[in-house]
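Observations on the three-dimensional arrangement
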Amino acid sequence: MRKILPAGLTATAVVAASSANLGPGFDSLGLALSLYDEIVVETTESGLRVEVEGEGSGQVPLDASHLVVRAIEAGLRATGYTAAGLIVRCRNDIPHSRGLGSSAAAVVGGLAVVNGLVTQSGSDPMSEEQLIQLSSEFEGHPDNASAAVLGGAVVSWTDLDEGAQARYAAAPVRLHPDIRLFPAVPKQRSSTAETRVLLPEQVSHVEARFNLSRSALLVVALTERPDLLMAATRDVLHQPQRAAAMPASAEYLRILRRYGIAAVLSGAGPSVLGLSPQVGLPAEALEYGTANGFTVAEMTVGTGVRWRAGVPARN
């Protein structure tokens, strides 16, 4: 029997956008970005009300199928609670369907806000490890989810034991302070499911070896040697295959790399992320971005998910 949360509890979670893959680190490397969604939840006597401001307003469902609501229900099950009614308010800044981890942020935020509720009833909150596990189960890989939970740069992995549940885990890595982040977000949307079908079922040993070496090198470049970013962000497993589906992003990536900016597709695209110790972007890149509908702005690395009881003023 699950315990019922009393009406009148409120809790808040703030969760960052994220960029996954970072070139060769397919489904394993991730990085949180300083762009945030906020979720505020209130328990009520009955019913469900979902409100959405900002990104996704008028486009996402406002019922139990909403991803944040589904995550809240998963978190309540995991902690042994239920709620007779909920008001869920989502204030979104993370663009949807752009490769910036909006789905992972919704799930991580929904789970984390449960911590703010159950601690008011005397229960322990879910740990970071539990948040990574539960949030990763929604998508089947932990790259965006673990970056949203932990913040900063992360290396994530999946243990698949035959006949057992997949176990997801991640470890943070210290991003070198000289590395600047330049996300470019287009108006065009893309579906991860649609672009993933562009990838081959099998790859050669040569291609696998190439990406393994570059993924290992990328950890060195991100933490100790930013001068190696250009070599470390080369990929042969997913970016070339997705280029035809997002030609403007592929061309923007090529322009940045021509100027020595280590540019990669952000997740499955169509956003592009530039990583560089350089200050600012070259004029040609900025002009191309403006002409092709990209919003380009330097960001800092994002923090891990924050939750608390009550409804604080948004930072």
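Described below are features of the structure shown in this document. (Residues numbered from 1 in each chain as written. Predicted model: local features only at pLDDT ≥ 70, side-chain atom pairs only at ≥ 80, totals over all residues. Heavy atoms only, no water.)

Right, let's talk about unusual backbone geometry for a bit. With omega at 5°, the peptide bond leading from glycine 269 into proline 270 counts as cis. Inspection of the secondary structure assignment puts proline 270 in the loop between β10 (262–265) and β11 (272–276). Although it is not a glycine, asparagine 21 sits at a positive phi angle of roughly 80°. You can see asparagine 21 is positioned in strand β2 (residues 10–21). Judged by its relative accessible area of 3%, asparagine 21 is buried. Phi at aspartate 27 is positive, roughly 60°, even though this residue is not glycine. (Helix = DSSP H or I, 4+ residues; strand = E, 2+ residues; numbered from the N terminus. Buried < 20%, exposed > 50% of the residue type's maximum accessible area, 1.4 Å probe, protein only.)

For the coordinates displayed, the defined rule picks out three aromatic pairs. With a centroid separation of 6.0 Å and 20° between ring planes, the pair formed by tyrosine 252 and tyrosine 288 is classed as stacked. Of this pair, tyrosine 252 sits in helix α9 (residues 247–258) while tyrosine 288 sits in helix α10 (residues 283–291), and the two are 36 residues apart along the sequence. This pair shows no difference in class: tyrosine 252 is buried, exactly as tyrosine 288 is. (Phe/Tyr/Trp six-rings, centres within 6.5 Å; stacked < 30°, edge-to-face > 60°.)

The next thing to look at is the sheet that holds strand β9 (residues 180–186). On the basis of which strands lie adjacent, the open sheet formed by four strands has the order β10-β11-β9-β12 and antiparallel pairing. On the outer flanks of this sheet lie β10 and β12 (294–296), each paired with one strand and no other. Across the sheet, the axes of successive neighbouring strands diverge by a mean angle of 20°, strand direction being ignored. Across five bridges, β9 lies against β11 in antiparallel orientation. The residue bridging phenylalanine 182 from the neighbouring strand is glycine 274, located in β11. Sitting on the sheet, α9 is in contact with β9, β10, β11 and β12, with an inclination near 165° to β10. (Pairing = 2+ DSSP bridges. Axes fitted to C-alpha atoms, helices over the stretch in contact; angles between N-to-C directions. Contact = heavy atoms within 4.5 Å.)

A full pass over the atoms with the stated rule returns nine salt bridges. Of the charged contacts in the structure, one is a salt bridge between aspartate 227 and arginine 225, with a shortest N-O distance of 2.8 Å. A relative accessible area of 38% places arginine 225 in the partly exposed class. Three or more residues are tied together by salt bridges with common partners; here these are Glu42, Arg49, Glu51 and Arg89. (Salt bridge = Lys/Arg side-chain N within 4 Å of Asp/Glu carboxyl O.)

On to the nonpolar core. Counting 64 residues, the largest nonpolar core has Leu31, Ile72, Val88 and Leu275 as its most contacted members. When residues of this core are assigned to their parent elements, the largest contribution, ten residues, is made by helix α2 (residues 102–118). Discounting residues that sit within four places of it in the chain, valine 88 has contacts with Ile39, Val40, Val41, Leu48, Arg49, Val50, Glu51, Val68, Val69 and Ile72. Core analysis: the second largest hydrophobic core is formed by 15 residues, Ala184, Tyr252, Val272 and Phe294 among them. (Core = buried A, V, L, I, M, F, W, Y, C linked by side-chain atoms within 4.5 Å.)

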